Amino acid sequence: MDFIIQGTLQAVEALYHTELKESDINLQETRKEFEGEVTIVTFPLTRISKKSPEQTGNEIGEYLQKNLPHIAGFNVIKGFLNLSLTSQYLIGNFRNIISKDGFGTFPANGKKIMVEYSSPNTNKPLHLGHIRNNLLGYSVAEILAASGYDVIKANLVNDRGIHICKSMLAWQKFGNSETPQSSGMKGDHLVGKYYVIFDKEYKKQIDELKAAGQTEEEAKKNAPLIREAQQMLQKWEAGDEEVIGLWKMMNGWVYEGFDVTYKKLGVNFDKYYYESDTYLLGKDIIDEGLAKGVFFRKEDNSVWIDLTSDGLDEKLVLRGDGTSVYITQDMGTAQLKYDDFKMNESIYVVGNEQDYHFKVLFLILEKLGKSWAKGMYHLSYGMVDLPSGKMKSREGTVVDADDLIEEMIDTARQRTEELGKVEGLAESEKENLYRMIGLGALKYFLLKVEPKKRLLFDPNESIDFQGHTGPFIQYTHARIRSVLSKANVTSFDFDGLNAITPTERELILALGRYPEIIAASAKAFSPAEIANYAYELAKLYNKFYHEEPILKVEDTEIKNFRLSLSNVTAAIIKKSMNMLGIEVPERM
RNA sequence: GGACUUGUAGCUUAAUUGGAUAGAGCAUCUGACUACGGAUCAGAAGGUUAGGGGUUCGACUCCCUUCAAGUCCA
């Protein structure tokens, strides 16, 4: 629509003798209750025209109609100049879309970007909160790749620490050598089971100590189990063979379990980092910061940074005994990542409870003069809560990832069988379809909402399969593919076509928006924008489908045009959904 | 104590970043040539955009304030 902006600039110059910038022209889509396709907001121009909004609109409208060949007409309502485009222009627009092989694919922009996501703890299985993280990370990575970035998907696994030792200790004490093989339990679930057992036993001991007269605080510190766990952590840090062996074995179980879940979710990684390798990093950065005068040392030998001039607090970066805090290793890991990949930007997909942490981290790196610090971004997302409140692994109040995925597939199977439209498909094809639909519903449900919003999930209310949902869009795709396969044509010739219906206009305009949608969602790191676009497109197509016959049309050019329109719509739906990590079926 | 985020119809949400009568879906009600696939489409009803004030041609959007929910920092 650039020609309209240019035309308007000319009009303003000719009529009011003022030169404006492109950004001064306010273009928007015309609301569907008014006639036209493109609207210029003329309120801001009245300052220049020194006339009423209506008069300004009329004058510019007349100029444009006279001077631009593709403006068929206009109308003015208050400060809004609505322009109607000619059918020829829109058809030409559509030809443009189909002539480009990679319509909506951006050329490489030469920039490298890392997306770190998932980053699980290895002491428990994944739950719904992790699913949101994984889907967000994967989708953002896909969107960035589509918009021209060279993307590295990274996973920083939290594989050491006191929480892992808790699971290990409980297994050692109460596990009777239970293994995934012996119990038939998925490895991550087995380890998670002992994490819960630890907590239960630990609480018992606390209660006993309290009954014996200790305060809550004392009891928590003195319980034998927590002491043992701490000793185990020390042994681990000292490289004790037995502890390391146990740690490797149990983490191995967890990784096998995670792999299964990741595969089901369809997410993957190019690079794994492990905290057992990185937890000691960052101390050289402390020295660097002290030398540069960015950090300072207190009497107790602890190291701090003063961020009060930036509206934050004083922040501890190294304890008095020389041991790291979280932010120490995060600084070190950030440096490591940069040394490994030299990326221009780095995205951290992490929940909003760590907003403050990342604000501080990025600020510190900037103050240390790291040139790459300005490319860092915390993609913060809201927690997934249940009606009962927050999910807590220790207390077992979580929606388990594997369970939820299975339930979704089951529901898809049930719904599909009720509708009875998949006769003739092989059993394996059916199962694949149920998986596609079930996961499509789940993924769409989680991704259509803006990341930063908190998500309330009610396990008793099943995720919809109708309306604004993944399956709705998948259905639209299947329906189009069905029409196309019935038409059985490979080339769509409509050279002589010169008139189109209002819905066809809308559809062409919507298809044309695809590239800007990708650019916008990449810029905002927001899959939700693509999700909503895919829905609008599907909705619009269904409207078109009901209004206009396709295969039954006599006129072959109209028929070919409509088939072509269907073809492109299906392709763009598919690409959009794939960017969300959602597959679309040929039949359903 | 300080800081951050969120609040839109009964529920789940959108609003081109300051533009028109706040747009959808679910649920409710009504309708669609025995259908190119009804997991669809058309329509009805449902809103003081948490409350109050301000900025201006114009505010869900920006500023101030109160309330509610959540989170973080020693």
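Keep in mind the model is a prediction, meaning the values are calculated, not measured. (Residues numbered from 1 in each chain as written. Chains lettered and ligands numbered in written order. Predicted model: local features only at pLDDT ≥ 70, side-chain atom pairs only at ≥ 80, totals over all residues. Heavy atoms only, no water.)

**Q** Help me out: how do you make sense of the pattern of salt bridges in this one?
**A** For side chains of opposite charge, pairing can occur when their charged atoms come near one another. Applying the stated criterion to the full structure yields 31 salt bridges. Residue K264 is joined to D402 by a salt bridge in which the shortest nitrogen-to-oxygen separation is 3.6 Å. Of this pair, K264 sits in helix α11 (residues 241-265) while D402 is found in helix α16 (residues 401-419), placing the two residues 138 residues apart along the sequence. In this structure, K390 and E353 form a salt bridge, with 3.8 Å as the shortest nitrogen-oxygen distance. Remark: E353 occurs in the loop between β11 (345-351) and α15 (355-367) and K390 occurs in the loop between β13 (384-385) and α16; sequence separation between them is 37 residues. Where salt bridges share partners, they join K186, D188, K264, D402 and E406 into one cluster. (Salt bridge = Lys/Arg side-chain N within 4 Å of Asp/Glu carboxyl O. Helix = DSSP H or I, 4+ residues; strand = E, 2+ residues; numbered from the N terminus.)

**Q** What is the right way to look at the protein's contact with RNA strand B in this model?
**A** Of all residues adjacent to RNA strand B, which total 55 residues, the nearest are K421, R479, K486, Y545 and M588. Counting residues per element, the ones that place at least two in the surface near RNA strand B are β1 (27-29), β2 (38-41), β4 (80-85), α15, α16, β14 (455-456), α18 (470-487) and α21 (527-547). Looking at side-chain class alone, the surface near RNA strand B contains 22 nonpolar, 12 polar and 21 charged residues. (Near = heavy atom within 4 Å. Nonpolar A, V, L, I, M, F, W, Y, C, P; charged D, E, K, R; others polar.)

**Q** Hey, could you run me through the sheet that holds strand β7 (residues 271-274) in this one?
**A** Across a sheet, strands are paired by hydrogen bonds formed along the backbone, either parallel or antiparallel in direction. The five strands are arranged β7-β6-β5-β11-β12 in an open sheet whose pairing can be described as parallel. The open sheet has two free edges, formed respectively by β7 and β12 (376-381), since each of these has just one partner strand. Taken over all neighbouring pairs, the strand axes of this sheet differ in orientation by 25° on average, direction set aside. Looking at chain direction, strand β5 (residues 112-116) and β11 are connected through four bridges and run parallel. Paired with V115 across the two strands is I347, which belongs to β11. Seen against the sheet, helix α5 (residues 128-146) touches β5, β6 (150-157), β11 and β12 and runs at an angle of roughly 160° to β6. (Pairing = 2+ DSSP bridges. Axes fitted to C-alpha atoms, helices over the stretch in contact; angles between N-to-C directions. Contact = heavy atoms within 4.5 Å.)

**Q** Looking at this model, I keep getting lost on the environment of H127. Mind explaining?
**A** Here H127 shows up in the loop between β5 and α5. By relative accessible area, which is 14% here, H127 ends up buried. Through-space distance from the C-alpha of H127 to that of D400 is 4.4 Å; in sequence the pair is 273 residues apart. If near-sequence neighbours (up to four positions away) are discounted, H127 is found in contact with M391, S393, V398, V399, D400 and A401. Here the side chain of H127 touches G129 through a polar contact of 2.9 Å, landing on its backbone nitrogen. (Buried < 20%, exposed > 50% of the residue type's maximum accessible area, 1.4 Å probe, protein only. Polar contact = N/O pair within 3.5 Å; in protein donor to acceptor, adjacent residues only side chain to side chain.)

**Q** I would appreciate a short explanation of unusual backbone geometry in the present structure.
**A** Backbone phi values are negative for most residues with the exception of glycine, while trans is the configuration of most peptide bonds. Unusually for a residue other than glycine, H17 sits at a positive phi of about 55°. Its place among the elements puts H17 in the loop between α1 (2-16) and β1. Its relative accessible area of 68% is what places H17 among the exposed residues.

**Q** Can you help me understand the domain arrangement of chain A in this one?
**A** Structurally, chain A comprises domain 1 (2-85), domain 2 (161-273) and domain 3 (401-579). For domain 1 and domain 3, the distance between their C-alpha centres works out to 35 Å. (Domains from an automatic or database assignment.)

**Q** Where do I start with helix α14 (residues 326-341) in this structure?
**A** The periodicity of an α-helix, 3.6 residues per turn, causes residues three or four positions apart to be oriented the same way. The terminal C-alpha atoms of α14, which comprises 16 residues, lie 23 Å apart, in line with the 22 Å expected from a rise of 1.5 Å per residue. When you tally the buried positions in α14, you get 12 out of 16 residues, the bulk of the element. Every buried residue of α14 is accounted for by I327, T328, Q329, D330, M331, G332, T333, A334, Q335, K337, Y338 and F341. (Expected span 1.5 Å × (residues − 1).)

**Q** Sorry if this is basic, but what is going on with the sheet that holds β1 here?
**A** The sheet built from four strands is open, its strands ordered β1-β2-β4-β3 with antiparallel pairing. The open sheet has two edge strands, β1 and β3 (71-77), and neither has a second partner. Each strand of the sheet is rotated relative to its neighbour by a mean of 30°, with strand direction disregarded. Two strands pair when backbone bridges link them, and β1 and β2 are joined in this way by three bridges, in the antiparallel orientation. Residue E29 lies in a different strand from β2, and its bridge partner there is V38. Across the sheet, helix α3 (residues 53-67) lies against β2, β3 and β4, angled at about 180° from β3, the strand it touches most.

**Q** Explain the nonpolar core here, please?
**A** The tendency in soluble globular proteins is for nonpolar side chains to be buried side by side. By size, the foremost hydrophobic cluster in this structure holds 143 residues, and its most contacted members are L128, I131, L144, L442, I473 and M577. Setting aside residues no more than four positions away along its own chain, M577 makes contact with Y444, G470, I473, Q474, A534, I582 and V584. Grouped together as the second largest cluster of nonpolar side chains are 28 residues, L318, A334, Y348 and V350 included. (Core = buried A, V, L, I, M, F, W, Y, C linked by side-chain atoms within 4.5 Å.)

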